[in-house]
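What follows is the residue order along each chain.
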Amino acid sequence: FEEGQNRTEVTKCMAEVIRNSGEYARDKGVVLAMEAINRYETNFLNTLEEAVNFVNKVNLPNVRTMADTYHLDIEEVNPAETIRRYGHTLANLHLADSNRQAPGDGHFDFASVAEALRESGFEGYCSFEVFGLYPWKLWYDTFEESVEHMGNGIKYTRAIFG
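Just so you know, these numbers come straight off a predicted model, no measurement behind them.

Caption draft 1: Geometry of the pairing of strand β3 (residues 90-95). Burial of β3 is extensive: six of the six residues sit out of reach of the surface. Note: strand β2 (residues 63-68) against β3, four bridges, orientation parallel. When the sheet's bridge partners are listed, M66 is paired in β3 with N92. Relative to strand β4 (residues 125-128), β3 is paired through four bridges, and the arrangement is parallel. Bridging across to β4, N92 finds its partner in Y125. Each parallel crossover has a hand, and the one from β3 via helix α5 (residues 110-120) to β4 is right-handed.

This is the structure we're talking about:
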């Protein structure tokens, strides 16, 4: 939202755009996922609850929500409880640790989120969305470095998620 814009009106307009896109996507067999992103990157849909409420306004079965453990760690008081409450609405969950690296490279509590996903009836997908170590370096320097980080993350994730 730009300063001075009416949040209700802009949200209504955005819902209409996503509804139109969702109808087009539905005819192609595609699911759209609205991601909750932390407040330092956007001022729209920061929490999973906000994303769920927005998707409910769109009101199409192929427009769902998406969460990211990195953003959950910033915005949610209890990420596992949030997943327990809203996990059934997720089409996808990005797995990234607290430092935006592969799971296991930071301090995020993936075990509690994995349990919450099971309890919530989550039937979507999980995928990695990880970056390099520093904000100014959003990639790994070599293919081998990325393979090492992804390999470690996959092992860690499989051990926790099963």
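Caption draft 2: Main features of the packing of helix α4 (residues 79-86) against α5. For the pair α4 and α5, the least separation of the axes is 8 Å and the interaxial angle reads 15 degrees. With respect to their mutual orientation, α4 and α5 come out roughly parallel. Every pair of crossing elements has a handedness; the one defined by α4 and α5 is right-handed. Contacts between α4 and α5 involve P79, A80, I83 and R84 from the former and S112, V113, A116, L117, E119 and S120 from the latter. A breakdown of the residues in the contact of α4 with α5 according to their chemical character gives six nonpolar, two polar and two charged.

Caption draft 3: View of the pattern of salt bridges. Going through the model one piece at a time under the given rule, you end up with seven salt bridges. In this structure, R39 and E75 form a salt bridge, with 2.8 Å as the shortest nitrogen-oxygen distance. Note that R39 is positioned in the loop between β1 (32-35) and α2 (48-58) and E75 in helix α3 (residues 69-75), a separation of 36 residues in sequence. Judged by relative accessible area, R39 falls into the partly exposed class, the value being 44%. Its salt-bridge partner being R84, residue E81 comes within 3.2 Å of it at the nearest N-O pair. One end of the pair is E81 and the other is R84, both in helix α4 and three residues apart, which spans about a single turn.

Caption draft 4: Inspection of unusual backbone geometry at higher detail. In this model, N59 sits at a positive phi of 60 degrees, which is unusual for a non-glycine residue. The class for N59 is exposed, based on a relative accessible area of 62%. Unusually for a residue other than glycine, R100 sits at a positive phi of about 70 degrees. By the secondary structure assignment, R100 is in the loop between β3 and α5. With a relative accessible area of 16%, R100 lands in the buried category.

Caption draft 5: Quick peek at the environment of A96. Looking at the element boundaries, A96 is found in the loop between β3 and α5. Overall, A96 belongs to the buried group, its relative accessible area being 1%. Considered as a pair, A96 and D73 are 23 residues apart in the sequence and their alpha carbons are 9.8 Å apart. Apart from residues lying up to four places away in sequence, A96 is in contact with D68, T69, Y70, Q101, F110, E129 and V130.

Analysis parameters
- Residues numbered from 1 in each chain as written.
- Predicted model: local features only at pLDDT ≥ 70, side-chain atom pairs only at ≥ 80, totals over all residues.
- Heavy atoms only, no water.
- Buried < 20%, exposed > 50% of the residue type's maximum accessible area, 1.4 Å probe, protein only.
- Helix = DSSP H or I, 4+ residues; strand = E, 2+ residues; numbered from the N terminus.
- Pairing = 2+ DSSP bridges.
- Right-handed = clockwise from strand over helix to strand, strands pointing away.
- Axes fitted to C-alpha atoms, helices over the stretch in contact; angles between N-to-C directions.
- Parallel < 35°, antiparallel > 145°, perpendicular 65-115°, else oblique.
- Left-handed = near helix turned anticlockwise from the far one by under 90°.
- Contact = heavy atoms within 4.5 Å.
- Nonpolar A, V, L, I, M, F, W, Y, C, P; charged D, E, K, R; others polar.
- Salt bridge = Lys/Arg side-chain N within 4 Å of Asp/Glu carboxyl O.

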